[in-house]
Amino acid sequence: MAGVSDTILRIDHLTMRFGGLVAVDDLSFEARRGEITALIGPNGAGKTTVFNCITGFYKPTEGRMALSHGSASAYAHIDRLTASPQQSWEGDGEALFLLERMADHDVNAKAKVARTFQNIRLFGGMTVLENLMVAQHHYLMRASGFTFLGLVGAPRYRRAEAAAIERSVAWLERINLLQRADEPAASLPYGDQRRLEIARAMCSDPVLLCLDEPAAGLNPRESAQLNELLLGIRAEGETSLLLIEHDMSVVMEISDHVVVLDYGKKISDGVPDFVKNDPKVIAAYLGVDDEEVDAVEAEVGQ
Amino acid sequence: MTATTKGAQDTPAKPSATAGRPGPAGGIDVAHVLKDAVISALIALGLFGVIMGLKTEQAPGGLVLEENWERVIWAVGIVFVGRLLLNLTIWRRPGGKIDDLMPVGLKKYSGFVGTAIGAALILVALTLPFLPGAGRYHVDLGTLVLTYVMLGWGLNIVVGLAGLLDLGYVAFYAVGAYSYALLATTFDLGFWVCLPLAFILACFWGIILGFPVLRLRGDYLAIVTLAFGEIIRVVLLNWSEFTGGPNGIGQIPRPTFFGLEFSRGEGGFADYFGLDFSSMHRIIFLYYVILVLAFVTHLVSVRLRKLPIGRAWEAMREDEIACRSLGLSIVRTKLTAFAIGAGFGGLAGAFFATRQGFISPESFTFIESALILAIVVLGGMGSQLGVAIAAVVMIGGFEYFREFEQYRMLVFGAMMVLIMVWRPRGLVSARAPSVYLKERKKVGADMVSQGHG
């Protein structure tokens with residue numbers, strides 16, 4: 001693995017129980033800044049649960065999820081922060097957030113983690129452009145003086161709105177949807193909706209973008225476009241990506257680092273080539289011959 | 001009987017005339033069109049047969065029935081031919097979806113038609129007291145209609161934009177009315193000072209209602225808001241020392257025109273401007289007060305829709321979970337919607353109190369909430385124009401046909417059923433986007449979510 005690790009997200013001993021069901025069991029991994037980290041595993045492995053914990057939709061039963069802004073040196077403060085009742089620590093140009101302590105909207109608004117959903121969740125009755133404008137809510141809200149300035153039509157708000165539209169247009173150009181900016185999001189074809197959802201998440205200015213199966217239901221051409229889009233986001237270096245994916249062509253092609261889950265446990269962690277050839281991963285995905293069951297189980301540690 | 005045979009005779013003649021004509025008749029299901037026209041003619045016969053065909057006359061021996069079938073035949077004939085022509089020209093619909101019943105021509109120009117109707121309504125509203133033939137009754141009716149327009153627009157923020165079904169909206173109307181009545185009678189504050197206070201107090205009660213219902217959606221939310229409306233009414237009814245209980249509050253001061261009272265004699269409005277005293281002055285003044293208030297409500301809601309807060313409301317109606325993932329606090333979004341919607345209800349309430357001069361809990365029953373909600377739903381959730389039209393038609397129609405007391409509710413109910421069958425999403429159901437790049441395209445009603453809570 002790469003020499004210097006500049007961690008953006010550090011997950012320690014994450015456990016999520018639903019009644020008697022352990023969906024995520026003592027999971028620890030790291031995602032690095034400026035990289036694409038993939039989270040893979042068979043159906044029901046707990047990938048989406050991990051996402052829901054990271055993005056604040058679930059409160060994990062146990063564990064710590066720390067996200068850094070600026071540089072990984074913020075992690076020097078992690079123990080002090082954990083011991084304190086605070087949600088976050090902020091220094092000059094650096095910040096550290098304990099995601100498990102934050103409400104879902106604060107995870108996006110303050111810790112700057114954006115996400116997309118497995119079943120696309122666009123604002124269907126609003127236009128494509130409006131979808132992107134909603135994502136810039138906090139910027140516009142401040143510019144509108146929390147509505148009061150905007151209500152009297154202050155020029156400051158008009159400028160901010162124009163800037164927000166400009167930004168949306170830039171994203172629409174990038175995902176090739178500029179022509180359909182004024183159409184309702186629900187009228188777009190599936191592949192376009194996927195890209196729009198990613199663009200909408202990006203408009204909220206995230207440092208970490210969590211994509212839940214972005215390639216699901218896409219044809220090979222759309223899938224290639226998606227790869228290009230994600231690699232483009234990575235190349236800009238502002239946003240690191242964490243993705244859940246079933247489509248191995250996407251995972252192996254674009255990710256820098258792969259974490260494999262099975263039954264809520266991490267079974268492998270490394271670069272794509274390493275993971276691809278890991279016998280535990282192969283066993284989890286494809287199963288094993290009858291005579292090898294004992295040997296593999298011993299190795300997997302069950 | 002004669003009418004149907006006449007209709008049947010017409011039947012073969014018509015299609016042959018149109019079938020020979022190329023163009024518009026092409027692709028029309030002739031049998032369907034004919035069936036439709038015959039059914040309409042039969043309905044017309046059933047209706048007109050009794051109403052126009054038979055008439056009771058006073059005769060020396062008692063009442064006699066006078067028959068007049070000629071008129072019936074004419075009426076049925078007109079319906080038949082008219083229906084046939086409409087089917088062959090404007091209503092060329094292949095599938096027969098109910099929504100498509102709206103004439104194509106009208107649909108094409110719906111944007112223009114909407115603007116025209118809106119402009120006409122504003123013009124009439126501005127000049128109503130001075131229109132020829134407009135008496136005290138009309139101005140009073142106009143005031144009442146505008147009160148409901150304002151209430152409809154206020155509730156529209158909660159139901160239409162934020163998608164939160166509120167069955168207890170009248171509670172805020174009551175809060176506004178009692179705020180003004182109590183502040184004015186106890187502390188001797190004037191109407192214009194109390195107006196913002198009523199707004200703030202109603203907002204505050206909107207937030208109080210908002211907190212317990214934050215986690216509720218749909219039917220559950222509706223039930224709790226319904227209960228909230230009743231709680232307010234019951235408290236007003238039973239807390240006699242404070243609210244006067246069932247006796248209500250009387251002697252509520254009337255609004256002044258920059259300090260001038262609308263009273264006879266020295267120092268009154270008429271005296272100051274050198275006019276002859278007329279009780280109409282106050283009524284016209286009240287009319288313009290509510291017109292301004294309604295206009296303010298309209299402007300503010302239209303502005304809010306285009307601000308991030310309004311977009312957050314609509315986004316919440318569309319998808320709450322996506323909102324949370326984009327950093328929008330559902331608590332804040334819901335509470336602001338409840339608060340601002342309630343605030344406008346409070347303003348309307350304060351106006352109601354000053355207009356009536358007397359208020360009691362009887363004015364704030366559930367049926368009022370239901371009426372306001374019906375205005376919003378019939379008008380089209382989220383549409384300013386639709387709500388205004390619905391308020392004019394419902395309240396205006398309600399009062400105008402007061403003579404037919406017994407049938408009023410019947411017609412009212414039938415009208416609601418009809419509109420809901422014809423346009424399930426209300427009169428003006430298309431959503432206008434809050435921001436656009438090139439073209440303001442309306443978003444079809446089938447795309448827009450109605451909200452889950």
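Residues numbered from 1 in each chain as written. Chains lettered and ligands numbered in written order. Predicted model: local features only at pLDDT ≥ 70, side-chain atom pairs only at ≥ 80, totals over all residues. Heavy atoms only, no water.

Peer 1: Please clarify how the interface of chain A and chain B should be interpreted in this entry.
Peer 2: Where the parts come together, the accessible area they lose is often given as the size of the interface. Contact residues are listed per partner, giving 44 residues for chain A and 35 residues for chain B. Carbon and sulfur atoms make up 65% of the area that chain A and chain B hide from each other, which totals about 3,400 Å². The interface formed by chain A and chain B contains 4 salt bridges. Among the ionic pairs, Asp319 of chain B bridges to Arg121 of chain A, the shortest N-O distance being 3.0 Å. The interface formed by chain A and chain B holds 10 residue pairs in polar contact (both at pLDDT 80 or more) in total. (Contact = heavy atoms within 4.5 Å. Buried area = accessible area lost by both parts, 1.4 Å probe. Salt bridge = Lys/Arg side-chain N within 4 Å of Asp/Glu carboxyl O. Polar contact = N/O pair within 3.5 Å; in protein donor to acceptor, adjacent residues only side chain to side chain.)

Peer 1: Just checking my understanding: could you explain the packing of helix H6 (residues 136-161) of chain B against helix H17 (residues 384-400) of chain B for this structure?
Peer 2: Each pair of packed helices gets described by two things: the angle between the helix axes and the distance between those axes. Residues and elements named next belong to chain B. Taken N-terminus to C-terminus, the directions of H6 and H17 make an angle of 140 degrees; their axes are 8 Å apart at the nearest point. Between H6 and H17, the crossing angle belongs to the class labelled oblique. Seen along the crossing, H6 lies across H17 with a hand that is right-handed. When H6 is examined against H17, the residues Tyr137, Leu141, Leu144, Val145, Tyr148, Val149, Gly152, Trp153 and Asn156 are found in contact with a partner set consisting of Gln384, Val387, Ala388, Ala391, Val392, Ile395, Gly396, Glu399 and Tyr400. (Axes fitted to C-alpha atoms, helices over the stretch in contact; angles between N-to-C directions. Helix = DSSP H or I, 4+ residues; strand = E, 2+ residues; numbered from the N terminus. Parallel < 35°, antiparallel > 145°, perpendicular 65-115°, else oblique. Left-handed = near helix turned anticlockwise from the far one by under 90°.)

Peer 1: I would appreciate a short explanation of the pattern of salt bridges in the present structure.
Peer 2: Opposite charge on two side chains makes pairing possible when the charged atoms of those side chains draw close. Residue and element names in this part refer to chain A. According to the stated counting rule, one finds 30 salt bridges over all chains in the structure shown. For Asp106, the salt bridge is made with Lys110, and the minimal N-O distance between the two is 3.6 Å. Across the pair Asp269 and Lys266 runs a salt bridge, and its minimum N-O distance is 2.9 Å.

Peer 1: I keep staring at the pairing of strand E10 (residues 257-262) of chain A and nothing clicks. Help me out?
Peer 2: Both faces of the sheet carry side chains from a regular strand, because those side chains alternate between them. Residues and elements named next belong to chain A. Taking burial as the measure, the 6 residues of E10 include 6 buried ones, the bulk of the element. What you see with E10 is no split at all: His257, Val259 and Leu261 on one side and Val258, Val260 and Asp262 on the other are buried throughout. Across 4 bridges, strand E3 (residues 36-40) lies against E10 in parallel orientation. Looking at E10, one finds that Ala38 is bridged to Val258. Bridge analysis of E10 against strand E11 (residues 265-270) gives 5 bridges, and the strand direction is antiparallel. (Buried < 20%, exposed > 50% of the residue type's maximum accessible area, 1.4 Å probe, protein only. Pairing = 2+ DSSP bridges.)

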